Every structure is written in structure tokens, then in C-alpha cells.
Amino acid sequence: MLCQKCMQNDATIHMTQVVNHVKEEYHLCRACASALQNGEMGSKSPWGDLFEPVLPGPSLFGYPFSRPDRRAAPKRVVCPQCGESERELRDTGLLGCSQCYETFLDLLIPVFRRAQGHTQHIQVPDDSASWIAITESASKEEENKPTSEIEQLRSELRTAVEREDYKEAARLRDAIHELERESST
Amino acid sequence: MTWYLQEGPENDVVISTRIRLARNLKDVSFPWRLSPVELESVRDRVTSAFRDVVRDMGSERPVIVELNTLGDIESCALAEKRIISRAMLKDTRGKSLLLYPGESDGILVNEEDHLRLYSVGAGLCLFKTAGCVIKCAADMEKRLSFAKSDRLGYLTACPTNTGTGMRASAMLHVPGLIRAGVIKRLADRLTKAGYALRGAEGEGSDAYGDMIQLSNQVTLGVSEEQILTDLDRFVHDVAEEERKARRALYENDPPALEDEIGRAKGKLLFSRLMTTEEAMRLLSLVRLGKELELPEMPSYSTLQELFIGIGEGVLQQAAGKPLDPRNRDEERARRIREALRSSM
């Protein structure tokens, strides 16, 4: 079996790790395994270390997530539209074009599962009109939240400070602190 | 009017809200796979659609900025206003910024994705801001075909954006929580729920000026509405914890905190030389004074304008000339003095 990292030497070191109840196996050559141990395989992709908490890889796509077929030669998958190779995807963590999503779907699903917790988009109405209606009604709520007693006092305090009535301001501030104390107990 | 000159909901903790949507053109490779000529062709298609949208809005002339034509000072100022990322300035070929009138909404072209539409608002206003940016995206989609699939939604260069392409974030001022030393615990709790807490300058940064950013991490398998509803709840929770932490901090020793804030205000009002770091630290203290409703504090909009206005890029842009570091410190101190005096 070839090393999953360099795809050149024989894999002599075999590791298993369990993340979120998902078992993952890694097969590496001695050089890659020791580089990994010494922390030399830093993450090139900005997201890499976020989602590789246990075994760091070059990107979200750092390592294959299933055991490769022992007899098969390493597959050289290349996107027919943009020419991105599997290797480039693993190194950069970036897809090259929309066709890449189909080309590398098998590789993407476990990445989505780990990074997003989902593998399927939730459909929303195509014209986004209903969406705009939702945000409009919610944003009206944001603006017109009923003012509580405490907010009313805060507003009076601002007015008092503006007209430099510090005696009144001090009284209002104490009243606010009193209400806050009550609400926190 | 630009967001930082306004005040918004929950302004005593939440400084601003920002939403961005990632979109890509169908049948064109993502920006990092394109040659400079191809990038320019994408830029021209997007710009032309944008001009049509703005014309149909019956609006004033839009602002179109090609990043490779900008000088260092202008680029730096745009990064300080958080309109563009510093990473975007490393290679500016074919990249541009399209601004809707008002500077609060815009589109970054050829960053990691062909289009990054964004909208910023003062205070906590996730739904209002989302409404703006979703409308902008819908208008653009009438003129451009975006890459999307039934199974995965909008397709983006990085799989961490696939689906809705939406990143919603709120910038919070949390001096109470930082002094109480509970940020790490809070960050862990949010991470488990699929949300992230970071320093103000984004990934890996410290909480500069006691500011943190809360944002969603999951973009696939959740609706936009759900993302916003959950984030809104988290922000309210964190804001409430911050208010309690502040109150505890104040009640522990009122004269001590009032003294610290008063001295900070004194330094800001009378200094003649001020570095960015010192200014951020002192402005954060004065903002805390405002948040605790101590008398004679500047308005939120003045503080927000200063948080942005003291960066070296914005400072030099306002001065209309390049300034060396010492002159910048002098100019910064002058701007702070003048802004605070006219606001109190």
C-alpha cells in the first residue's frame, strides 16, 4: 500500500483515530509519519487546523478518509472543466470550479460532514421574495422592540446628561443600577 | 450615511453587524484558477450588472474602485474600515470594490469568490442587514447566472462557505468579559454550537480594543433564517453576560473604575502624541464609561468614528498626505482631542 500523504513510498505505519464517533484510518510511510509527529506538516489552507484537531493535514482534504484499495494504482482524478487535480485540492483546500463539486463529491462529503455537520443544502424559494419579506418583518421588530422601564430610564439619563443636569443624571443612574440589581437576583 | 456615524440597537455592547454572501458565476472557474485576463473579464461582467442594478434603483452614481489603481494609503484605509481584507491587497489584479451609495453595502469582486456581497449596520441588526444584502444578491442574480446545485446550494471556492454562502457576524465590545477572564470558556461553548468567537481583526487575532467578533461557521444544511435567529440569540446572551460582568466590575470598587476611566479620558483630551495601541486601549475604557452611563462621556457614534479614524491609513487619507510615524501620532492625538471636545 502506498503512503496516503506522499503517494510514493510504501505505507508502513497504520493509525486509527476516532473523531465524533467516526473512525478514520491513516496509512503513512515512516518519513511522513515522523514529519507529522514533529509537526512539520503545517496547514497551508487557512481552515486546515480548524477542522483537523487531532491529526493535522495540509488542508480540509488532508487525508483520504477511507482505506485505499491495496491493488489499485493511486487514482489521479482531475476535474474535466478546470483541470484541478486531487493533489491541488488537498494542498489548497479550494475547489477550482463548480464542476469540481461533482468531480470530487466523494472526497467532499466527509469534509462537509466534519466541517459543516450537514451534507445537503436546505432549499429556499428560488425568487428569494419570501426571504426578503421575512427579513423585513424581523428588522421592523429589531427597530421597534418595546422599551422596558430600564431602557426608558436610560433614555431619560441621556437627556439629563445632554442638558448637563448631573443631579438628575445621578438619581437616574442609581435607579437604573437598582433595577439591574433586581433583575440579576 | 455610513454605519459608524449612526447608533443602533444594543449599542451598549454591539458595535456593528456585518453579513456577507459568497456567489460565483456559473461556467467560470473560481478566481484562484483564473489568469489576469480572465479575472478582468469576470470583473467587467459583474461591474456591468452592478451599474444596471444601481441605475434601476434610480440611485446616485455608484462608486467603482479597481484595487490595482489604489495607492498604499487608500488601500490601508479600506482595510481599516474593514471593507476589504488585508489578504486581498497581496495581489490586486482584476479585483475591484463596488459600493452602493452610502458605503454600508458593497460587492468585492474576485476575492476568494467572484462576488462577495456585504452589508454593515450599526449595533445589532442582523435581519435588517441581511435584508439589504439578500436584496442586492437577488438583484444581481436577475442579471447574472450564479453557480448552484439542488443538493449543495450556492457553490463556493472553499467548502466552508458552500450552501447559503452566508457569513453573519457581530462585533462586540466586551471589556467586562475580558477582565473576568471568561472569553475562552465562552468561545468553547459557541464552537460546540457551530459559531465562532474571534478577536476583532479576524482569525487568530487578539481582542484588540476589547472587541470580539461572533459569527456562524455552518453554511450548509441550515437556512439563512435559522443562522440569523441562532446568532441573534447568542449575541443577546453574550451581551447580557457582558452587562453583568461590567456591573460586577463597577460595583466591586466604583471609585477605582471611575478613576481609571477618568484618567483615560484625561489622556485622550490632553495628549499631544498617541500611538494606535494606546488610543485603542484608552478609547475602550472611555467607551466602557459611556456604557456604564457615567456622566460627560462622548456619544457612541463619536467613539465608533474614532475607533476607525485613528488607523494609519484613514488618518493619512484625512490629512491628504503621507505622514511619518511621529507625525501620525501627533495627528492622531489632535483628531482625538477635537472629536472628544466637540462631542461632550
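None of these values were measured; they are calculated from a predicted model.

Participant: Sorry if this is basic, but what is going on with the overall build of chain A here?
Facilitator: Across its full length, chain A holds 8 helices and 2 strands. Mapped from its N terminus to its C terminus, chain A presents α and β elements in the order β-β-α-α-α-α-α-α-α-α. Among the 185 residues that make up chain A, the fraction classed as buried is 42%. Considering only contacts within chain A whose residues lie at least 6 apart along the sequence, 39% involve residues at least 24 apart. Counting every atom, chain A has about 10,900 Å² of accessible surface; 50% of that belongs to carbon and sulfur.

Participant: So what exactly am I meant to see when it comes to the interface of chain A and chain B here?
Facilitator: It is common to give the size of an interface as the accessible area lost on bringing the parts into contact. Across the contact, 53 residues belong to chain A and 57 residues belong to chain B. Counting every contact that joins chain A to chain B gives 2 salt bridges. For Arg154(A), the salt bridge is made with Glu293(B), and the minimal N-O distance between the two is 3.4 Å. At the boundary of chain A with chain B, the tally comes to 14 residue pairs in polar contact (both at pLDDT 80 or more). Counting residues per element, the ones that place at least two in the side of chain A that touches chain B are α2 (48-51), α3 (86-92), α5 (105-115), α6 (129-143), α7 (149-162) and α8 (166-184) of chain A. Counting residues per element, the side of chain A that touches chain B draws most heavily on α6(A), which supplies 8 residues. Here the residues of the side of chain A that touches chain B sort into 26 nonpolar, 17 polar and 10 charged.

Participant: Help me out: how do you make sense of the pairing of strand β4 (residues 105-109) of chain B in this one?
Facilitator: Consecutive side chains along a regular strand alternate between the two faces of the sheet. All names here are of chain B. For β4, a buried count of 5 out of 5 residues is recorded, marking the element as mostly surrounded by other parts of the structure. Residues Asp105, Ile107 and Val109 of β4 are buried on one face, and the alternating residues Gly106 and Leu108, pointing to the opposite face, are buried as well. Adjacent in sequence and paired antiparallel, strand β3 (residues 96-99) and β4 are bridged by 5 residues, among which glycine 102 carries a positive phi angle near 110 degrees. Bridging between β4 and strand β5 (residues 115-122) involves 5 bridges; their strand directions are antiparallel. Bridging across to β5, isoleucine 107 finds its partner in leucine 117.

Participant: What is the right way to look at the sheet that holds strand β9 (residues 195-199) of chain B in this model?
Facilitator: By definition, the strands of a sheet pair up through backbone hydrogen bonds, in either a parallel or an antiparallel sense. Residues and elements named next belong to chain B. Reading across from one edge, β2-β3-β4-β5-β1-β8-β10-β9 is the order of the 8 strands in this open sheet, with antiparallel pairing throughout. Both edges of this open sheet fall to β2 (63-66) and β9, since each of them pairs with a single strand only. Each strand axis lies, on average, 20 degrees off the axis of its neighbour in the sheet, ignoring direction. The pairing of β9 with strand β10 (residues 211-216) spans 5 bridges and is antiparallel. Directly across from tyrosine 195, in β10, lies its bridge partner asparagine 216. On top of the sheet, helix α3 (residues 126-141) reaches β1 (14-23), β4, β5 and β8 (166-173); it is set at about 150 degrees to β5, its chief contact. The strands touched by helix α8 (residues 276-291) within the sheet are β1, β8 and β10, with β8 carrying the most contacts at an inclination of about 80 degrees.

Participant: What exactly am I supposed to notice about the domain arrangement of chain B here?
Facilitator: All names here are of chain B. Examined at the domain level, chain B breaks down into domain 1 (3-244) and domain 2 (253-343). Placing the centre of domain 1 and that of domain 2 at their C-alpha centroids yields a distance of 27 Å. Summed over both sides, the interface of domain 1 with domain 2 buries roughly 2,000 Å², with 61% coming from carbon and sulfur. Counting across the interface, domain 1 meets domain 2 through 1 salt bridge.

Participant: Help me out: how do you make sense of unusual backbone geometry in this one?
Facilitator: Note: most residues except glycine have negative phi, and most peptide bonds are trans. Residue and element names in this part refer to chain B. Of note in this structure, asparagine 110 is not a glycine but carries a positive phi near 65 degrees. Structurally, asparagine 110 is set in the loop between β4 and β5. Residues other than glycine seldom take positive phi values, yet aspartate 210 does so here, at roughly 60 degrees. Assignment of secondary structure puts aspartate 210 in the loop between β9 and β10.

Participant: Teacher, can you tell me more about the pattern of salt bridges here?
Facilitator: Note that side chains of opposite charge can pair when their charged atoms are close. Residue and element names in this part refer to chain B. As enumerated under the stated definition, the model contains 32 salt bridges over all chains in all. Here glutamate 141 and lysine 148 are joined by a salt bridge, their closest N and O atoms 3.0 Å apart. Taking relative accessible area as the criterion, glutamate 141 reaches 23% and is therefore assigned partly exposed. For lysine 148, a relative accessible area of 37% corresponds to the partly exposed category. Within the structure, one salt-bridge network assembled from shared partners comprises Glu10, Asp12, Glu240 and Arg243.

Participant: Just checking my understanding: could you explain the confidence of the model for chain B for this structure?
Facilitator: It should be kept in mind that the predicted coordinates are not to be read in detail where pLDDT is low. Residue and element names in this part refer to chain B. Per-residue confidence for chain B gives a mean pLDDT of 91; residues scoring 70 or more make up 97%. Within chain B, no element has a lower average pLDDT than β9, which sits at 87, and none a higher one than helix α7 (residues 254-270), at 97. Reported confidences for the modelled complex are a pTM of 0.77 and an ipTM of 0.86.

Participant: Looking at this model, I keep getting lost on the nonpolar core. Mind explaining?
Facilitator: For soluble globular proteins, the rule of thumb is that nonpolar side chains tend to be buried together. Residue and element names in this part refer to chain B. With 57 residues, the main nonpolar core has Val46, Ile107, Leu117, Met140 and Leu172 as its most contacted residues. Setting aside chain neighbours within four positions, we find methionine 140 in contact with Val46, Ala49, Phe50, Val53, Tyr100, Ile107, Leu115, Leu117 and Phe146. Residues Leu97, Met171, Met211 and Met297 belong to the second largest nonpolar core, which totals 46 residues.

Participant: Would you mind going over the confidence of the model for chain A with me for this structure?
Facilitator: All names here are of chain A. Per-chain confidence: chain A averages 70 in pLDDT, with 56% of residues scoring 70 or above. Low pLDDT, under 50, characterises residues 18-22; the stretch is placed with 3 contacts to residues that sit more than four places away or in other chains. In this model residues 39-58 is a low-confidence stretch, pLDDT under 50, and it forms 55 contacts with partners more than four residues away in sequence or in other chains.

Participant: Which parts of the structure should I look at to understand the packing of α7(B) against helix α11 (residues 325-343) of chain B?
Facilitator: Think of two packed helices as two axes; the pair is described by the angle between the axes and how far apart they sit. Residue and element names in this part refer to chain B. The interhelical angle for the contact between α7 and α11, taken along N-to-C directions, is 115 degrees, at an axis separation of 7 Å. Classed by the angle they form, the pair α7 and α11 counts as roughly perpendicular. Contacts between α7 and α11 involve Leu268, Leu269 and Phe270 from the first element and Ile336, Arg337, Leu340 and Arg341 from the second. Broken down by class, the residue content of the contact of α7 with α11 amounts to 5 nonpolar, no polar and 2 charged.

Participant: How should the packing of aromatic side chains be read in this particular structure?
Facilitator: Any pair of aromatic rings gets described here by the distance separating the centres and the angle formed by the planes. Residue and element names in this part refer to chain B. One pass over the full model with this rule turns up 2 aromatic pairs over all chains. Ring geometry for phenylalanine 50 versus tyrosine 100: centroids 4.9 Å apart, planes at 75 degrees, classification edge-to-face. Of this pair, phenylalanine 50 sits in helix α1 (residues 36-56) while tyrosine 100 is found in the loop between β3 and β4, placing the two residues 50 residues apart along the sequence. With respect to class, phenylalanine 50 is no different from tyrosine 100; both count as buried. Of note, arginine 23 hangs over the ring of tyrosine 154, and the distance from its end group to the ring centre comes to 3.5 Å. When the ring centre of tryptophan 32 is taken as origin, the NZ or CZ atom of arginine 33, which lies over that ring, is 5.1 Å away.

Rules and cut-offs
Residues numbered from 1 in each chain as written. Chains lettered and ligands numbered in written order. Predicted model: local features only at pLDDT ≥ 70, side-chain atom pairs only at ≥ 80, totals over all residues. Heavy atoms only, no water. Helix = DSSP H or I, 4+ residues; strand = E, 2+ residues; numbered from the N terminus. Buried < 20%, exposed > 50% of the residue type's maximum accessible area, 1.4 Å probe, protein only. Contact = heavy atoms within 4.5 Å. Areas by Shrake-Rupley, 256 points an atom, 1.4 Å probe, with all protein chains shown as cover. Salt bridge = Lys/Arg side-chain N within 4 Å of Asp/Glu carboxyl O. Polar contact = N/O pair within 3.5 Å; in protein donor to acceptor, adjacent residues only side chain to side chain. Nonpolar A, V, L, I, M, F, W, Y, C, P; charged D, E, K, R; others polar. Pairing = 2+ DSSP bridges. Axes fitted to C-alpha atoms, helices over the stretch in contact; angles between N-to-C directions. Domains from an automatic or database assignment. Buried area = accessible area lost by both parts, 1.4 Å probe. pLDDT = per-residue confidence, 0-100. Core = buried A, V, L, I, M, F, W, Y, C linked by side-chain atoms within 4.5 Å. Parallel < 35°, antiparallel > 145°, perpendicular 65-115°, else oblique. Phe/Tyr/Trp six-rings, centres within 6.5 Å; stacked < 30°, edge-to-face > 60°. Lys NZ or Arg CZ within 6 Å of the ring centre and 35° of its normal.

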